[in-house]
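The chain contents come next:
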Amino acid sequence: MLTEADAFRVDSLLTVRLIGQLPTPCDEVEELVHYPADGIGSARIFLREGRKPGLENMYCTQGLGGIWSINLVIHDKYSKTVEIFINDHFVRKIRVIEITQKGWHNLH
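### Describing the side chain of D27
Next up, step 1: Note that D27 resides in strand β3 (residues 27-35).
Next up, step 2: With residues near it in sequence (within four places) discarded, D27 still touches L22, G50, R51 and K52.

Take a look at the structure:
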């Protein structure tokens, strides 16, 4: 489960920070792929959340698992937003914060 997401750009480097919590101690999250925008649209990040290898069919104690974090750097100078997908389901769209020598601001 994704709990926090931020995106910042300096020049053409887009840094995305994702934080979440696993549904059980037997689960894990991994990045599958990410795509920059091609002049229009949003950058996209695809994650997989599921059982750790070897634990797919085993009983797992019910209760929340650990906190996870993923930090990505994407070469992207166009995206105004980032779309996040977990297991091919759209989860959240976040705005990119542009950081320049004059300060920072949200892109609309």
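Moving on from the coordinates now.
### Considerations on the packing of aromatic side chains
Next up, step 1: On inspection of all chains with the given rule, the structure shows three aromatic pairs.
Next up, step 2: Centroid distance F46 to F85: 4.7 Å. Interplanar angle 15°. Geometry classified as stacked. Linking F46 in strand β4 (residues 43-51) with F85 in strand β6 (residues 81-86), this pair joins segments that are 39 residues apart in sequence. The burial state of F46 is the same as that of F85; both residues are buried.
Next up, step 3: For the pair F85 and F90, a centre-to-centre distance of 5.6 Å together with 70° between the ring planes defines the contact as edge-to-face.
Next up, step 4: An aromatic cluster of at least three residues, connected via ring pairs, comprises Y35, F46, F85 and F90.

Reading the values: the criteria
- Residues numbered from 1 in each chain as written.
- Predicted model: local features only at pLDDT ≥ 70, side-chain atom pairs only at ≥ 80, totals over all residues.
- Heavy atoms only, no water.
- Helix = DSSP H or I, 4+ residues; strand = E, 2+ residues; numbered from the N terminus.
- Contact = heavy atoms within 4.5 Å.
- Phe/Tyr/Trp six-rings, centres within 6.5 Å; stacked < 30°, edge-to-face > 60°.
- Buried < 20%, exposed > 50% of the residue type's maximum accessible area, 1.4 Å probe, protein only.

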